[in-house]
Each structure stands twice: as structure tokens, then as C-alpha cells.
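# Structural overview for review
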Amino acid sequence: MKSTKKSCLSSVVDPLYEQAVRIVLEERLASISLVQRRLRMAYGRVADMFERMEAQGLVSSFLGSDGFRELLISPFKRRRLLQQLRRQEATQINLALLSQLEGCADN
């Protein structure tokens, strides 16, 4: 029963996951502490994100006691994924601005 709860919870996507992936890709450094500092989040939450990145084949498992992981995707795939994340972010920003403008038009 406990494992079912864990699997249900692990399917929930953290709202800052894409930002964490973007930081790792931009810095070319898979470090929990780096992402933790940038997003001002607790270690456990970021560690869960890194477990997901590992499951998706983006980063390796721990490479030693320093907590670093290796970026596993090619430079081409890294650039392509970064472009995709930036486009999604721009779309989200545009949708937020559009909704604000629509709210102003109603007044």
C-alpha cells in the first residue's frame, strides 16, 4: 500500500521542474546545490527533481561524495531542449500578459 502512494506522488510534476532542468542545461552542471540556491528550495525537493531527471536520462546518478552528476545528453539535444523550454516559457508569459490585458479591458 505504501508503494502505491509513492508511485502516485511521484507522478505529480513539480511546478518548478522545468526551471530546474533549464538551469542544469544552461550551466552544463548537474548540481543539486546549484539548483537549490537558484530556486531557493529545500534540498529534498530538488533531490526529487534530480531523481526524475535521472529517470528521464538527462543526468547520471551521483558521481561521488560531492553530489555532482554528469549531463547525459548530447550538446545538440541540450540546445534543442533549451530552445523548447524557452519557447514554452515565452508562451506562458504571453498568455499571462494577455489575461492581464483582458482583465484591464473589462474595467
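See above for the structure.
Reading guide: rules and limits
Residues numbered from 1 in each chain as written. Predicted model: local features only at pLDDT ≥ 70, side-chain atom pairs only at ≥ 80, totals over all residues. Heavy atoms only, no water. Phe/Tyr/Trp six-rings, centres within 6.5 Å; stacked < 30°, edge-to-face > 60°. Lys NZ or Arg CZ within 6 Å of the ring centre and 35° of its normal. Core = buried A, V, L, I, M, F, W, Y, C linked by side-chain atoms within 4.5 Å. Buried < 20%, exposed > 50% of the residue type's maximum accessible area, 1.4 Å probe, protein only. Helix = DSSP H or I, 4+ residues; strand = E, 2+ residues; numbered from the N terminus. Contact = heavy atoms within 4.5 Å.

### Brief notes about the packing of aromatic side chains
Applying the stated criterion across every chain, the model contains 0 aromatic pairs. The side chain of Arg 52 reaches across the aromatic face of Tyr 17, ending 4.2 Å from its centre.

### Considering the nonpolar core
In this structure, Val 24, Val 35, Phe 50, Met 53 and Val 59 are the most contacted members of the largest nonpolar core, which totals 23 residues. Looking at this core, the elements that each hand over two or more residues are α2 (17–27), α3 (32–39), α4 (43–55) and α5 (75–106). Considering each element in turn, this core owes the most residues, 6 residues, to α2. When near neighbours in sequence (up to four residues on either side) are disregarded, Val 24 contacts Leu 29, Ala 30, Val 35, Phe 50, Met 53, Val 59 and Leu 71.

### Comments concerning unusual backbone geometry
For Arg 28, which is not a glycine, the phi torsion comes out positive at approximately 55 degrees. Of note, the phi angle at Arg 40 is positive, near 55 degrees, even though the residue is not glycine. Residue position: Arg 40 is located in the loop between α3 and α4.

### Here's the deal with α2
Of the residues making up α2, those classed as buried are Tyr 17, Ala 20, Val 21, Ile 23, Val 24 and Leu 25. Residue Arg 28 follows α2 closely and has a positive phi angle near 55 degrees.

### Quick look at the side chain of Ser 31
Within the secondary structure layout, Ser 31 lies in strand β1 (residues 30–31). Here Ser 31 falls in the buried class, since its relative accessible area comes to 4%. When neighbours within four sequence positions are excluded, Ser 31 is seen to be in contact with Phe 50 and Phe 68.

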